[in-house]
Amino acid sequence: MDMPVAEPTLYIIKAIGILDHDANRIIAKYYDEHFPTVKEQKAFEKNLYNKTHRQNAEIIMFEGLTCVYRSNVDLYFFVVGSAQENELILTSVLNAFYDSISQMLRKNVEKRTLLDNLDGVFLALDEICDGGIILETDSSAVCQRVALKSDDIPLGEQTVAQGVVDLQSKTILCMIK
């Protein structure tokens, strides 16, 4: 029985997310139409959590998808790919995501600190994967890109809040001198 070979593609990641200990979504990004509605996505997340939260494994075939996951204190990190996807590639994305968050949060990876630094977590996620295409798997490189200071960002690319903070700090320095 010959199985058809899937066409090679750069679109490796189907979903990346973080769930809390009650299977509630903290972060989830879906990169294809496998789960088109939020209701279907949340049902998948709930089922994935129920299937994995008591197991010691890191990889599971679930609903026709390859899922790699990792738990820490009260958080569950997961990366989902197609059934034919290489588990090592998915695991490297998961490790890059977890390690970059761990570095950003100074090894204090728990729900409260994650929620306090949610903007950086979203930036890290976007640095690792865009549209299902893996961009970076080196957590140090991801952290360097996420940790840009407002002084390093050109004025035209700063947000209003960054510009105000930059202006305030420069004003205070001028007043001190």
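Scroll up a little and you will see the structure.
Caption draft 1: Summary view of the overall build of the protein chain. Along the protein chain, the regular secondary structure elements total 6 helices and 7 strands. Counting helices and strands in the order they occur from the N terminus, the protein chain gives β-β-α-β-β-β-α-α-α-β-β-α-α. Here the protein chain holds 177 residues, and the buried ones make up 39% of them. Counted over contacts in the protein chain with a minimum sequence separation of 6, partners at least 24 positions apart contribute 51%. With an accessible surface of roughly 10,900 Å², the protein chain has 53% of that area assigned to carbon and sulfur atoms.

Caption draft 2: Region of the structure containing the pattern of salt bridges. Enumeration according to the criterion identifies 8 salt bridges in this entry. K29 is the partner of D126 in a salt bridge, and the nearest nitrogen-oxygen pair spans 2.6 Å. Residue D126 is found in helix α4 (residues 118-128), and its partner K29 is found in strand β2 (residues 25-30); the two are separated by 97 residues along the sequence. A salt bridge links E127 to R145, with the nearest nitrogen and oxygen atoms 3.6 Å apart. Pair noted here: E127 is in helix α4 and R145 is in helix α5 (residues 139-146), with a separation of 18 residues, a long-range link. On the basis of relative accessible area, E127 is assigned to the partly exposed category, the value being 26%. Each member of the salt-bridge network shares a partner with another, and the members are E127, E136 and R145.

Caption draft 3: Fine view of the nonpolar core. With 28 residues, the main nonpolar core has I13, I16, I18, F77, F97 and I101 as its most contacted residues. Secondary-structure elements contributing two or more residues to this core are β1 (13-20), β2, β5 (75-82), α2 (87-104), α4 and α5. Within the second largest apolar cluster, 17 residues are counted, among which are A15, Y30, Y49 and L65.

Caption draft 4: A look at the packing of α2 against α4. Contact geometry for α2 and α4: axes closest at 10 Å, N-to-C directions at 150 degrees. With respect to their mutual orientation, α2 and α4 come out roughly antiparallel. In terms of crossing hand, the pair formed by α2 and α4 is right-handed. Two secondary-structure elements touch here, α2 through V93, A96, F97, S100, I101 and M104 and α4 through G120, V121, A124, L125 and I128. For the contact of α2 with α4, the residue count by class is 9 nonpolar, 2 polar and no charged.

How each quantity is defined
Residues numbered from 1 in each chain as written. Predicted model: local features only at pLDDT ≥ 70, side-chain atom pairs only at ≥ 80, totals over all residues. Heavy atoms only, no water. Helix = DSSP H or I, 4+ residues; strand = E, 2+ residues; numbered from the N terminus. Buried < 20%, exposed > 50% of the residue type's maximum accessible area, 1.4 Å probe, protein only. Contact = heavy atoms within 4.5 Å. Areas by Shrake-Rupley, 256 points an atom, 1.4 Å probe, with all protein chains shown as cover. Salt bridge = Lys/Arg side-chain N within 4 Å of Asp/Glu carboxyl O. Core = buried A, V, L, I, M, F, W, Y, C linked by side-chain atoms within 4.5 Å. Axes fitted to C-alpha atoms, helices over the stretch in contact; angles between N-to-C directions. Parallel < 35°, antiparallel > 145°, perpendicular 65-115°, else oblique. Left-handed = near helix turned anticlockwise from the far one by under 90°. Nonpolar A, V, L, I, M, F, W, Y, C, P; charged D, E, K, R; others polar.

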